[in-house]
Amino acid sequence: MNTAGTADVPARTGLDLTPFRGLRYDPDRVGSLSAVTSPPYDVVVRPDGLLHLESADPYNIVRLILPQATTPAARNEQAADTLHRWVSEGVLRADAEPALYVYEQRHDDGMLQRGVIGALRLSEAAEGVVLPHEDVMPHVVADRAALMRATAANLEPLLLTYRGDGAARGTAAVVERTAERPPLFSTTTEDGFRHRLWAVTDPADLAGVRTDLAGRQALIADGHHRWATYLRVRAEHPSPSPWDHGLVLLVDTARHPLRVRAIHRLLHRLPVSEALAALAGSFRVRTVGGALPDALSALSEAAAEGNAFLLAGDGAFHLVDRPAPDLLARTVPADRPEAWRTLDATVLHATLLDRVWGIPDVPEHITYIHDTAATVAKAERDGGTAVLMHPVREEVVRDLASQGVTMPRKSTSFGPKPASGLVLRRLGP
């Protein structure tokens, strides 16, 4: 329980963010802080990206979030043993006192994102405090839950957003004021982002953040499976307990708007030739010349007029758009808002995958990849089909979430995502 600066905090009707003793790398025990970080577990492109991260430093966080062994049970046991060993050896050290952590990501392209990392009290979607916007895959939740039970830790923060009023007061004031001080550390990762982290321990600042957030609502920007994992594992522990909270990064998008990118699909067992042949008479198909950026520009133009997808994997790019209205009427459920029915992800899953191509949404058939070039490269190498998507606007996501309507899984990619490995949260001894 957090006791710092809570005397006059009103009853919780919104977000309840509390300090915790962060578990962080000792910079004297690792090659560099940038070498031990990783993208979130579901962004790592395996196996190439996994091997690259493992070779970057023997203590890279990927050994905890994506342990490698012959069975799931062995993987989770290995992660737990690794975490215990790193703590015992002093590679990871707990901070002396509970804190919230201000986290900054900055890039030379002008991107600046600041937010606050803390332990957020968990809530069901029906409570209207934390809004999901995507469905989840049960097998992924089961996998993450097993890892969390084994390690008794939140290994990487989720990314949540809320809408402040744009003024520098409350949480925003604490964040901006803290960012003027020397950070706990500063490091630049190979993607060009500079990361800085500060600890907030002042009781007045902690109380100010908690009071400000108490009336606010958050949207899950990234981490739906981990949030579902938090809820599942919480139900297994009598309350009150540390499992009542989960590690999150909260970003005020009124001050720091996120970028929204698409998540692409790699269809392992469907060659491009077969995919295109099945579309005859139901979609317009055109081959687009030029390199990947040119093809993506063509996709963007087509998406402004309606549903559009870009298929790749045979050395060319094929623009697929203008679905037959009668096909959509037969395949897209009519009991959802129009904004949901017209989503590219909805049409992809309800019409193309389920009906036209007959592909089940299981890992043996579909992989979800954030990196566009990597999706195309893997499709060409494996003989499959890359389905490249156009991103959804954040306003559409938030509007649907506020209505309690979830989008098809992996519909969006908000970013920049917090790097994994900068601060962890232990839930048990």
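The model shown is predicted, which means the values in this text are computed figures rather than measured ones.

**Q** Where do I start with the overall build of the chain in this structure?
**A** In terms of regular secondary structure, the chain is built from 15 helices and 21 strands. A compact globule built from 429 residues should have a C-alpha radius of gyration of about 22 Å, and the chain, at 22 Å, falls within 12% of that. The principal-axis extents of the C-alpha atoms in the chain amount to approximately 65 × 45 × 45 Å. Buried positions account for 55% of the 429 residues belonging to the chain. Counting contacts in the chain only where the partners sit at least 6 residues apart, residues at least 24 apart contribute 79% of the total. Counting only carbon and sulfur atoms, one obtains 51% of the accessible surface of the chain, whose full area is about 17900 Å². Considering the chain, the positive charge centre built from 46 side chains and the negative charge centre built from 53 side chains are found 2 Å apart.

**Q** Looking at this structure, I do not really get helix α15 (residues 394–402). What am I missing?
**A** Along an α-helix, residues three or four apart share an orientation, since each turn contains 3.6 residues. Taken residue by residue, α15 has Glu394, Val396, Val397, Leu400 and Ala401 as its buried positions. For α15, the buried positions fall inside an angular range of 165 degrees around the axis, keeping them on one side. Turned more than 90 degrees from where α15 packs its buried face, Glu395 and Ser402 sit exposed. Structurally, α15 contributes buried residues whose contacts are with β6 (130–131), β8 (158–162), β11 (218–222), β13 (259–261), α12 (338–341) and β20 (413–415). Note on α15: the residue one or two positions beyond its end, Gly404, has a positive phi of about 80 degrees.

**Q** I keep staring at the confidence of the model for the chain and nothing clicks. Help me out?
**A** Any residue range with low pLDDT should be treated as having predicted coordinates unsuitable for detailed reading. Scored by pLDDT, the chain comes out at a mean of 93, with 97% of its residues at no less than 70. With pLDDT under 50 throughout, residues 1–12 is counted as low confidence; its partners more than four residues away or in other chains account for 12 contacts.

**Q** In this structure, what is going on with the environment of Glu274? I would like to understand it.
**A** If you trace the backbone, Glu274 turns up in helix α9 (residues 272–278). Owing to a relative accessible area of 47%, Glu274 belongs among the partly exposed residues under this scheme. Sequence separation between Glu274 and Asp361 is 87 residues; the distance between their C-alpha atoms is 18 Å.

**Q** Help me understand the packing of aromatic side chains, please; the structure alone is not making it clear to me.
**A** Aromatic ring pairs: the centre-centre distance and the angle between the two ring planes describe each pair. A full pass over the atoms with the stated rule returns 4 aromatic pairs. Summarising the aromatic geometry, the rings of Tyr25 and Trp86 are spaced 6.2 Å apart at their centres and angled 50 degrees between planes, so their arrangement reads as tilted. Note that Tyr25 is positioned in strand β2 (residues 23–25) and Trp86 in helix α4 (residues 72–89), a separation of 61 residues in sequence. Assessed through its relative accessible area of 4%, Tyr25 is described here as buried. Among the aromatic residues, those joined into a cluster by ring pairs are Tyr25, Tyr59 and Trp86. The residue whose ring lies beneath Arg336 is Trp340, and the NZ or CZ to ring-centre distance is 4.4 Å.

**Q** Quick question: what am I supposed to make of the nonpolar core here?
**A** Nonpolar side chains tend to gather and get buried jointly when the protein is soluble and globular. Formed by 116 residues in total, the largest nonpolar core has its most connected members in Leu17, Tyr25, Ile117, Leu160, Trp227, Leu250 and Trp357. In contact with Tyr25, not counting residues within four places along its chain, are Val30, Leu33, Val36, Tyr59, Asn60, Ile61, Trp86, Val91, Leu92 and Gly421. Ala312, Phe317, Ile369 and Ala379 belong to the second largest nonpolar core, which has 19 residues in total.

**Q** Quick question: what am I supposed to make of α4 here?
**A** For α4, which comprises 18 residues, the first-to-last C-alpha distance of 26 Å matches the rise-based estimate of 26 Å (1.5 Å per residue) to within 8%. Buried within α4 we find Asn76, Ala79, Ala80, Thr82, Leu83 and Trp86. One face of α4 carries all of its buried residues, which in axial projection span an arc of 160 degrees. Looking at α4, the residues exposed on the side facing more than 90 degrees away from the buried face are Ala73, Glu77, His84 and Ser88. Buried residues along α4 sit in contact with β2, α3 (62–65), β3 (92–94), α5 (138–151), β7 (153–154) and β21 (425–426). One or two residues past the end of α4 sits Gly90, with phi positive at roughly 85 degrees.

Cut-offs used in this document
Starting afresh in each chain, residues are numbered from 1 along the sequence in its written order. Local features in this predicted model are restricted to residues whose pLDDT is 70 or higher, and side-chain atom pairs enter the listing and the counts only when it is 80 or higher, whereas totals over whole chains, interfaces and linings include all residues. Heavy atoms from the whole structure form the basis of all side-chain values; hydrogens and water molecules are not counted. Under the DSSP-based scheme used, a helix requires at least four consecutive residues in state H or I and a strand at least two consecutive residues in state E, with every element numbered from the N terminus. For a compact globule the rule gives 2.2 Å times the number of residues to the power 0.38, and the radius of gyration it is set against comes from C-alpha atoms. Burial here depends on accessible area, computed with a 1.4 Å probe over protein chains only, as a share of the maximum for the residue type. Under 20% is buried, over 50% is exposed, and the range in between is partly exposed. Pairs of residues are marked as contacts when any of their non-hydrogen atoms sit within 4.5 Å. In these tables, accessible area is a Shrake-Rupley quantity obtained with a 1.4 Å probe, and a residue counts as shielded only by the protein chains included in the view. Think of it this way: Lys and Arg go in the positive column, Asp and Glu in the negative one, and His and the chain ends go nowhere. A charged residue contributes its charge at one atom only: NZ of Lys, CZ of Arg, CG of Asp or CD of Glu. This arc is built from the directions going out from the helix axis to the C-beta atoms. Every residue is assigned a pLDDT by the predictor, reflecting its confidence on a scale from 0 to 100. The criterion for an aromatic pair is that two Phe, Tyr or Trp rings (for Trp, the six-membered ring) have centres within 6.5 Å, with stacked assigned to planes under 30 degrees apart, edge-to-face to planes over 60 apart and tilted to the rest. Criterion for a charge above a ring: Arg CZ or Lys NZ at most 6 Å from the ring centre, at most 35 degrees from the ring normal. For this analysis, a nonpolar core means a set of buried residues of the types Ala, Val, Leu, Ile, Met, Phe, Trp, Tyr and Cys, connected via side-chain atoms within 4.5 Å. The span you would expect from a helix comes to 1.5 Å times its residue count less one.

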